[in-house]
Amino acid sequence: MEQKPAAADIDAHIAAFPPEVRERLSAIRALVHEVAPDATETIAYAIPTFDLNGKHLVHFAGFARHVGFYPTPRGFQGFEGELAGYKQGKGSVQFPHNQPIPLDLIRRMVEARVAEVMGR
């Protein structure tokens, strides 16, 4: 099982996964809403996305073995050491389902993206 087909909205994306994965995705969604209450939900690049002030803030997506998190374009700056233990791609990091989801790290990355988008 790989990523599910593109969903119409974030609710549908999350609903397509088993309960354990839904819980992980819902935790990230709630965290982003907490950190960036003015961000809006959408689907971009066929994955759940949060936009702020007309810019993509972060993306995330469920997969069979991990949650993909995309704090692009510069969301990794300052977090390289903490992310070293995770599989990464250009602008993406994978949080495996067999490890606790690092919500504190994700929170700080979202905070950094909010600051970047807001020009701080």
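See the structure above.
Quantities reported herein were computed from a predicted structural model and do not represent experimental measurements.

Participant: An account of the environment of Gln88 is needed here, citing residue identities and associated values.
Facilitator: Structurally, Gln88 is set in strand β5 (residues 88-89). Residue classification places Gln88 among the partly exposed residues on the basis of a relative accessible area of 38%. Put simply, Gln88 and Gly68 are 20 residues apart on the chain and 9.3 Å apart in space, counted from C-alpha to C-alpha. Each residue touching Gln88, except ones within four places of it in the same chain, is listed here: Phe76, Leu83 and Val93. Among the polar contacts listed, one links the side chain of Gln88 to the backbone oxygen of Leu83, at a separation of 2.8 Å.

Participant: Report on the nonpolar core, specifying residues and quantitative values.
Facilitator: In terms of nonpolar packing, the biggest core is built from 31 residues, with Leu57, Phe69, Leu83 and Val110 touching the most fellow members. Once residues within four sequence positions are removed from consideration, Leu83 is found in contact with Phe76, Gln88, Val93, Phe95, Leu105 and Met109.

Participant: Break down the pairing of strand β2 (residues 47-52) for me, citing the residues and quoting the values.
Facilitator: Counted residue by residue, β2 has six buried out of six residues, so it is predominantly covered. Here five bridges tie strand β1 (residues 40-44) to β2, and the two strands are oriented antiparallel to one another. Bridged to Thr42 within β2 is Thr49. The antiparallel pairing of β1 with β2 creates a hairpin that spans two residues between the two strands, and Tyr45 there sits at a positive phi of about 55°. When β2 meets strand β3 (residues 55-62), the two strands line up antiparallel, connected through four bridges. When the bridges of β3 are listed, Leu52 appears paired with Lys55. Between β2 and the antiparallel strand that follows it, β3, lie two residues; Asn53 among them carries a positive phi value of about 50°.

Participant: With reference to specific residues and values, describe the pattern of salt bridges.
Facilitator: Two side chains that carry opposite charge are able to pair once their charged atoms sit near each other. Overall, the coordinates contain six salt bridges when judged by the stated rule. Linking Glu34 and Arg107 is a salt bridge whose minimum nitrogen-to-oxygen distance equals 3.0 Å. Placement of the pair is Glu34 in helix α2 (residues 19-35) and Arg107 in helix α4 (residues 103-117), with a sequence separation of 73 residues. Judged by its relative accessible area of 53%, Glu34 falls in the exposed class. Exposure remark for Arg107: the relative accessible area of 25% places this residue in the partly exposed category. By sharing partners, the salt bridges in this structure join Asp11, Arg29 and Glu41 into a single network.

Participant: Help me get a handle on the side chain of Arg113, residues and values and all.
Facilitator: Position of Arg113 relative to the elements: it lies in helix α4. A distance of 2.9 Å separates a polar atom in the side chain of Arg113 from the backbone oxygen of Leu57. For Arg113, the side chain forms a polar contact with the main-chain oxygen of Thr72, separated by 2.9 Å. Setting aside residues no more than four positions away along its own chain, Arg113 makes contact with His56, Leu57, Val58, Pro71, Thr72, Pro73 and Gly75.

Participant: Got a sec to walk through the sheet that holds β1? Specific residues and values, please.
Facilitator: Strand order in this open sheet of six strands is β1-β2-β3-β4-β6-β5, and the pairing throughout is antiparallel. Of all strands in the sheet, those bounded by a partner on one side alone are β1 and β5. One ladder, built from two bridges, connects β5 with strand β6 (residues 92-96); its direction is antiparallel. Paired with Gln88 across the bridge in β6 is Val93. α2 rests against β1, β2, β3, β4 (66-70) and β6 of the sheet, and its axis sits at about 165° to β3.

About the cut-offs
- Residues numbered from 1 in each chain as written.
- Predicted model: local features only at pLDDT ≥ 70, side-chain atom pairs only at ≥ 80, totals over all residues.
- Heavy atoms only, no water.
- Helix = DSSP H or I, 4+ residues; strand = E, 2+ residues; numbered from the N terminus.
- Buried < 20%, exposed > 50% of the residue type's maximum accessible area, 1.4 Å probe, protein only.
- Contact = heavy atoms within 4.5 Å.
- Polar contact = N/O pair within 3.5 Å; in protein donor to acceptor, adjacent residues only side chain to side chain.
- Core = buried A, V, L, I, M, F, W, Y, C linked by side-chain atoms within 4.5 Å.
- Pairing = 2+ DSSP bridges.
- Salt bridge = Lys/Arg side-chain N within 4 Å of Asp/Glu carboxyl O.
- Axes fitted to C-alpha atoms, helices over the stretch in contact; angles between N-to-C directions.

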